[in-house]
Amino acid sequence: MSGRCGRWYVVCEHWSDADAWFTDRLHAPDPTLDAALEQARHAGLPEIAVSAAQGKVLHLLARMTSARRVLEIGTLGGYSAIWLARALPADGRVVTLEIDPHHAEVARAALDAVGVGERVEIVVGPALDTLPGVTGPFDLVFVDADKENNAGYVRAALEHCRAGAVVVVDNVVRGGRILEPAHAEDPDVAGVRAVVDLVAQDPRLDATVLQTVGTKGWDGFLFALVTAGAG
Ligand code: SAH
Ligand code: DHB
Ligand code: MG
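Small disclaimer: the values here were computed from a predicted structure and weren't measured.

Right, let's talk about the coordination of the magnesium ion (ligand 3) for a bit. Protein-derived ligands of the magnesium ion (ligand 3) are Asp144 (OD), Asp170 (OD) and Asn171 (OD1), with the metal-ligand distances lying across 2.0 to 2.2 Å. As a motif over one chain, the donors of the magnesium ion (ligand 3) read D-x25-D-N. Placement of Asp144 in the loop between strand 6 (138-143) and helix 7 (150-158) and of Asn171 in the loop between strand 7 (161-169) and helix 8 (187-201) is noted, with a sequence separation of 27 residues between them. Given a relative accessible area of 14%, Asp144 falls into the buried group.

As structure tokens, then:
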């Protein structure tokens, strides 16, 4: 396979061309959303936000499930939070957890600039520490922070989920590294394997992984349905 290297992932031109072809036709042009990405880049944040198509998957999923309260772990510059916030009714809420105060600041500016600031609460700190204090219950959870703590995030988030909630975990395929012996010791791979084991074993969860290709290479989302809430 030929392609250009992103961070740890390779992007085949056909994949990014197809992403562009579909988003050109199916997404309304959105300069404010593009500006959020540009500002994050300008502020020196890593360019690892979800792709536009992935952002719209999250957005549509929130609308399809009539989500009102969304929990996000890993804010970065607020790009995925914007997609999610725009899916909610006016009294809906996104609570998004971010360890890096600079990222949180950039995200705050982006969310305010696109007009969803009032709907989004950014909680700064290590998510394992801040998760116990968040106010749910949540209808949708998007896990997209450091991969090592994935299982801890899902375990803690479950305490704040209603029955019927959906949990999405980003980056579970990692360009195929998940199965490669050469990456068996990679803590990110270990974090993904741990969250898959946790989800497989927890009777409250029913799940699958949808692999994806596109502008972010070959990766995948884990989708889990919470069949019994935390009470
Ligand atoms: N969801 C974002 C991308 C998140 S990138 C989007 O698609 O737009 C991952 C983010 O998780 C980074 O901003 C990183 O600072 C944050 N992060 C890493 N470790 C964390 C931790 N322990 N607690 C909370 N956030 C963390
Ligand atoms: C990285 C993190 C992500 O959440 C992602 O979607 C892509 C890349 C990274 O840390 O390299
Ligand atoms: Mg991600």
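Let us keep going from here.
The biggest cluster of nonpolar side chains holds 36 residues, and the ones touching the most others in it are Leu84, Leu111, Leu140 and Val168. Elements supplying a minimum of two residues to this core: helix 2 (31-42), helix 3 (52-64), helix 4 (79-85), helix 5 (101-114), strand 5 (120-124), strand 6, strand 7 and strand 9 (217-226). Each residue touching Leu140, except ones within four places of it in the same chain, is listed here: Leu58, Leu61, Ala62, Ala67, Arg69, Val70, Leu71, Leu84, Val166 and Val168. Counting residues in hydrophobic clusters, the runner-up holds 32 residues, among them Leu131, Val169, Val189 and Val226.

Further remarks concern the environment of Glu98. Its location among the elements puts Glu98 in strand 4 (residues 93-98). Exposure remark for Glu98: the relative accessible area of 7% places this residue in the buried category. When the C-alpha positions of Glu98 and Val141 are compared, they lie 14 Å apart, and in sequence the two are 43 residues distant. Aside from chain neighbours lying at most four places away, what touches Glu98 is Gly74, Thr75, Leu76, His103, Ala104, Ile122, Val123, Val124 and Gly125.

Contacts to ligand 2 come from Arg7, Trp8, Ile48, Asp144, Lys147, Asp170, Asn171 and Lys216. Trp8 has a polar side-chain atom sitting 2.8 Å from an oxygen atom of ligand 2. One of the side-chain nitrogen or oxygen atoms of Lys216 is found 2.5 Å away from an oxygen atom of ligand 2. Of the residues contributing to the shell around ligand 2, the split by class is 2 nonpolar, 1 polar and 5 charged.

For ligand 1, the set of nearby residues contains 22 residues, the closest of which are Gly74, Ser80, Glu98, His103 and Asp144. Separating an oxygen atom of ligand 1 from a backbone N or O atom of Leu76 is a distance of 3.3 Å. Within the contact set of ligand 1, a nitrogen atom lies 2.9 Å away from a backbone nitrogen or oxygen of Ala127. Isolated, ligand 1 exposes 590 Å² of accessible area, and the fraction of that covered by the protein chains is 90%.

Here we come to the environment of Glu121. Relative to the helices and strands, Glu121 resides in strand 5. The exposure class assigned to Glu121 is partly exposed, which follows from its relative accessible area of 33%. With 28 residues separating them in the primary sequence, Glu121 and Arg93 have C-alpha atoms 7.5 Å apart. Once you skip the residues sitting within four places of it in the chain, Glu121 turns out to touch Arg93, Val94, Val95, Thr96 and Arg108.

Side-chain direction in a regular strand flips from residue to residue, so the side chains alternate between the two faces of the sheet. In terms of residue burial, strand 4 counts as a mostly covered element, since 5 of its 6 residues are buried. With 5 bridges joining them, strand 3 (residues 69-73) and strand 4 adopt parallel strand pairing. Within strand 4, the residue paired with Glu72 across the bridge is Thr96. Once you follow strand 3 into helix 4 and on to strand 4, the crossover reads as right-handed. Strand direction decides the pairing type here: strand 4 and strand 5, joined by 5 bridges, are parallel. If you follow Glu98 over to strand 5, its bridge partner there is Val124. The handedness of the strand 4 to strand 5 crossover, carried by helix 5, is right-handed.

Rules of the game
The residue count restarts for each chain, going from 1 along the sequence in the order it is written. Key to labels: chains lettered from A, ligands numbered from 1, both in the order written. Restriction of local features to residues with pLDDT of at least 70 applies here, the model being predicted, together with a cutoff of 80 or more for giving and counting side-chain atom pairs; totals for whole chains, interfaces and linings are based on all residues. To get the side-chain values, all heavy atoms of the structure are used, and hydrogens and water are removed first. Metal donors: N, O and S atoms at distances within 2.8 Å, or within 3.2 Å for Na, K and Ca, with water omitted from the atom set so that some sites may seem incomplete. Every helix listed is a DSSP run of H or I at least four residues long, and every strand listed is a run of E at least two residues long, numbered separately from the N terminus. Per-residue accessibility, obtained with a 1.4 Å probe over protein chains only, is compared with the maximum for each type, and a residue is labelled buried under 20%, exposed over 50%, and partly exposed between these values. Put simply, buried Ala, Val, Leu, Ile, Met, Phe, Trp, Tyr and Cys residues joined by side-chain atoms within 4.5 Å make one nonpolar core. Here, two residues are considered to be in contact whenever any of their heavy atoms come within 4.5 Å of each other. Residues are labelled near a given molecule or strand when at least one of their non-hydrogen atoms is within 4 Å of it. The term polar contact refers here to a pair of N or O atoms within 3.5 Å; inside protein, the definition further demands a hydrogen-donor-capable atom paired with an acceptor-capable atom, and it admits residues adjacent in sequence only when both atoms are side-chain atoms. Amino acids are sorted into nonpolar (Ala, Val, Leu, Ile, Met, Phe, Trp, Tyr, Cys and Pro), charged (Asp, Glu, Lys and Arg) and polar (every other residue, Gly among them). In this description, accessible areas are obtained by the Shrake-Rupley approach with a 1.4 Å probe, and a residue is regarded as covered only by the protein chains that are shown. A strand pair is defined by DSSP finding two or more bridges across the two strands. When the strands point away from the viewer, a crossover counts as right-handed if the path from the first strand over the helix to the second runs clockwise.

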